[in-house]
Amino acid sequence: MPEPSRVLSFEDARHLVEEYAAKLSPPETEIVDLLAGDRRVLATPILSDRDLPPFPRSTRDGYAVRSADLAKFPAGLDLIGEIKAGESVENIPENVGRGQAVAIMTGAPVPAGADAVVMVEYTSEQGGRVEITRSVEIGENIVPAGAEAKLGSVLVERGVRLNDAAIALAASAGKSRVELYKRPRVAVLTTGDEIVGIATVPGPTQIRNSNSYSLAVQVRNAGGEPVLLPIAPDEPRRLRGLMEEGLKSDLLLMTGGVSMGRYDLVEQVLEELKAEFFFTGAKIQPGRPVVFGRCRMAPSRETYFFGLPGNPVSTMVTFELFARPMLEALCGMSPQKLRFVYAKLKSEIRAKPGLKRFLPAILSGEFESSQVELVLWQGSGDIAATARANCYIVVPPDRELIPAGEFVPILLR
Ligand code: AMP
Ligand code: MG
């Protein structure tokens, strides 16, 4: 059996996964339509094919002026034209001279000579003249050409998961197709003599397999393609056969069979397969017996695996904390640090010290008055309680009492 000392603090365990994740080489790529790239990982950076904005852009409806002309108020200027967004170049005055102004609309190019735009709210127009009641600073209400991005500069980096803003940037650079990393295949192997498929009527002591389903969803959300293997019994030969099958994928996730019970065989069978173990536990709850390692199936092929504890909430939590960064790296994503956000605690928490806890909780309230409180639960087997939760409260290992009103770290789900 692997040495028991491989039980790490939460932070050490997480960092170890991040270290191995950083060493992975990027996956193969494919070219897809821009919108099909939503939530997927970019393989070739997107470069700007022009300056952004391509011309000095007015951010207001108003008048393009020389700011120096506005010293005494009201100031009267001669109107020499009008520029709307998309105005053809021939209609744009070549120069705005002293004492002159041009009516201009939001999104229109500011003509040469003008160095500011006065909002229409501070003006009145009459018979070819405009009267202005306020001063403007140089550059006010104008975004200079190239201020947001320069021609040829990187708009979206390789390894970024595309979201609405990244897709909008790609669109603004005319990228109707983008090169993305292919999705890794992630084998999901559930173990346990008591576990039956969801189409089966369970016997009185049997439990339907829910972990393969939560994991499949988590894998998909992280960018992988889940491959559900048949349920493995607590019997070494069949378990080994299914593990070997799962190790053909890009990542193997197992649930159950990693605790100290007499029929928890996962580590034993992994040993038979000459697996390397990086850790065999983390000082967290739920999820303490989580296992992370690597198995060489052929001289040139190594597959990482996680043995996630079978309790459904443990499975969900340990996936998020440890398997996700590995899977994201397999998706070609640049390494991401895990970050918690803070929320105000609604009612006090008492915990036994020693383990870092990730407890299902509900973030409620509205706007700036959000608050968080633990969900009442029956422990890490309680899927119903976790389904009511929308986050986990993170309780440090040295806190026995956290009073109401304190800001506590939470992990959103
Ligand atoms: P184990 O980690 O194998 O000791 O299992 C811990 C608990 O989780 C036991 O109560 C199992 O019945 C339950 N469990 C294990 N695997 C699953 C699964 N795939 N779906 C639902 N519950 C499970
Ligand atoms: Mg079991």
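Up top is the structure.
A brief report on the enclosed structure follows.

### Description of the packing of aromatic side chains
Overall, the coordinates contain 13 aromatic pairs when judged by the stated rule. By the ring-pair criterion, three or more aromatic residues cluster together here, those being Phe10, Tyr20, Phe278, Phe279, Phe292, Tyr304, Phe306, Phe322, Phe340 and Phe358. Positioned above the aromatic ring of tyrosine 20 is the side chain of lysine 23, whose terminal nitrogen or guanidinium carbon lies 4.7 Å from the ring centre.

### Considerations on empty space enclosed by the protein
The full count for this structure, using the stated rule, is 1 cavity of 30 Å³ or more. The wall of the largest cavity is formed by Arg39, Arg40, Val41, Arg161, Tyr181, Lys182, Arg183, Gly223 and Cys331. Its residues placed into classes, the lining of the largest cavity shows 3 nonpolar, 1 polar and 5 charged.

### Examining the environment of valine 32
Inspection of the secondary structure puts valine 32 in strand 2 (residues 29-33). What makes valine 32 buried here is its relative accessible area of 12%. In sequence terms valine 32 and glutamate 179 are 147 residues apart; their C-alpha atoms lie 6.5 Å from each other.

### A short note on a nonpolar patch on the surface
Together, Ile198, Tyr213 and Leu228 make up a nonpolar patch on the protein surface, roughly 270 Å² of accessible area in all. Positionally, leucine 228 belongs in strand 17 (residues 225-228). For leucine 228, a relative accessible area of 39% puts it in the partly exposed group.

### Some words on the sheet that holds strand 8 (residues 116-119)
Ordered in space as 8-5-7-6-10-9, the 6 strands form an open sheet in which the pairing is mixed. The two strands at the open ends of the sheet, each matched to only one other strand, are strand 8 and strand 9 (123-126). Strand-to-strand twist in this sheet, taken as the mean axis angle between neighbours without regard to direction, amounts to 40°. Examined bridge by bridge, strand 5 (residues 62-65) and strand 8 share 4 bridges and lie antiparallel to one another. Bridging across to strand 8, tyrosine 63 finds its partner in valine 118.

### Focus: the pairing of strand 18 (residues 251-255)
Counting buried positions along strand 18 gives 5 out of 5 residues, so the element sits mostly inside the fold. Along strand 18, one buried face is formed by Leu251, Leu253 and Thr255 and the opposite face, lined by Leu252 and Met254, is buried too. Note that strand 14 (residues 185-190) and strand 18 share 5 bridges and pair parallel. Bridge pairing in strand 18 links threonine 190 to threonine 255. Of the strand pairs in this sheet, strand 18 and strand 23 (residues 301-308) are connected by 5 bridges, and their pairing is parallel. Across the sheet, residue leucine 251 finds its bridge partner in strand 23, namely tyrosine 304.

### Overview of the site of ligand 1
Neighbouring ligand 1 are 16 residues; Glu194, Asn209, Ser210, Gly257 and Gly310 lie closest to it. Residue glycine 257 places a main-chain N or O atom 2.9 Å away from an oxygen atom belonging to ligand 1. When the free accessible area of ligand 1 is taken as 480 Å², the share hidden by the protein chains comes to 79%. Taken together, the residues of the shell around ligand 1 break down into 3 nonpolar, 10 polar and 3 charged.

### Some remarks on unusual backbone geometry
Going from phenylalanine 73 to proline 74, the amide bond is cis rather than trans, its omega being -5°. Relative to the helices and strands, proline 74 resides in the loop between strand 5 and strand 6 (75-83). Residue proline 286 follows glutamine 285 across a cis peptide bond; omega there is 0°. Not every positive phi belongs to a glycine, and asparagine 141 is a case in point at roughly 65°. Along the polypeptide, asparagine 141 turns up in the loop between strand 10 (129-132) and strand 11 (142-143). The phi torsion at lysine 274 lies on the positive side, around 60°, for a residue other than glycine. Residue lysine 274 is classed as exposed on the basis of its relative accessible area of 70%.

### Regarding the sheet that holds strand 19 (residues 276-279)
Pairing is mixed across the open sheet formed by 6 strands, whose spatial order is 17-14-18-23-22-19. Because the sheet does not close on itself, it has two edges, and the strands there are strand 17 and strand 19. Between one strand and the next, the sheet's axes are offset by a mean angle of 25°, whatever the strand orientation. Both strand 22 (residues 291-298) and strand 23 contribute to a ladder of 7 bridges, which runs antiparallel. Residue alanine 298 lies in a different strand from strand 23, and its bridge partner there is arginine 301. Across the face of the sheet, helix 3 (residues 211-222) comes into contact with strand 14, strand 17, strand 18 and strand 23 while running at roughly 160° to strand 17.

### Quick notes on helix 6 (residues 312-330)
Of all the bends in helix 6, the largest measures some 50° and sits at alanine 323, one to four residues before the proline proline 325. Of all the 19 residues making up helix 6, 17 are buried; the element is thus mostly covered by neighbouring parts of the structure. Following helix 6 by one or two positions, glycine 332 has its phi on the positive side, about 90°.

Thresholds applied
Counting from 1, residues in each chain are numbered in the order their sequence is written. Chain letters and ligand numbers both follow the written order, the letters beginning at A and the numbers at 1. Local features in this predicted model are restricted to residues of pLDDT 70 or higher, and side-chain atom pairs are both shown and tallied only at a pLDDT of 80 or more, whereas totals for entire chains, interfaces and linings draw on every residue. Note that water and hydrogens are dropped before the side-chain values are worked out from all heavy atoms of the structure. In this analysis, rings of Phe, Tyr and Trp, with Trp reduced to its six-membered ring, are considered paired at centre separations within 6.5 Å, and the interplanar angle assigns stacked below 30 degrees, edge-to-face beyond 60, and tilted for intermediate values. A ring has a charge above it when a Lys NZ or an Arg CZ is no more than 6 Å from the ring centre and no more than 35 degrees off the ring normal. Definitions used for this entry: grid spacing 1 Å over protein atoms alone; cavity, a set of points where a 1.4 Å probe fits but cannot get out; pocket, an open set with protein on both sides within 12 Å along at least 5 of 7 lines; lining residue, one with an atom within 4 Å of a point. Grid points are joined across faces, edges and corners, and a volume is the space filled by probe spheres set on the points. Each residue gets one of three labels, nonpolar for Ala, Val, Leu, Ile, Met, Phe, Trp, Tyr, Cys and Pro, charged for Asp, Glu, Lys and Arg, and polar for the others, Gly among them. In DSSP terms, a helix is any run of H or I states spanning at least four residues, a strand is any run of E spanning at least two, and both are numbered starting from the N terminus. Burial classes follow relative accessibility: with a 1.4 Å probe on protein chains only, a residue under 20% of its type's maximum area counts as buried, one over 50% as exposed, and anything between as partly exposed. Grouping into patches uses exposed residues only, defined as over 30% relative accessible area, and leaves out salt-bridged ones; the cut-off is 9 Å for like charges and 5 Å for nonpolar side chains (Val, Leu, Ile, Met, Phe, Trp, Tyr). Computed with a 1.4 Å probe, the accessible areas rest on the Shrake-Rupley method; for each residue, only the protein chains presented here act as cover. The salt bridge criterion pairs a side-chain nitrogen of Lys or Arg with a carboxyl oxygen of Asp or Glu, the two atoms within 4 Å. In short, DSSP must find at least two bridges between two strands for them to pair. Where helices are involved, their axes are fitted lines through C-alpha atoms of the stretch in contact, as for all axes, and angles between N-to-C directions lie from 0 to 180°. We call a residue near a molecule or strand when any one of its heavy atoms sits within 4 Å of it. Between N or O atoms, a polar contact is any pair within 3.5 Å; within protein, one atom must be a potential hydrogen donor and the other a potential acceptor, and residues adjacent in sequence are included only when both atoms are from side chains. Residues are treated as being in contact if the distance between any of their heavy atoms lies within 4.5 Å. The angle separating two fitted axes, one through the seven residues that finish at a residue and one through the seven that start at it, defines the bend at that residue.

Take it as geometry only, folks, not as evidence of what the structure does.
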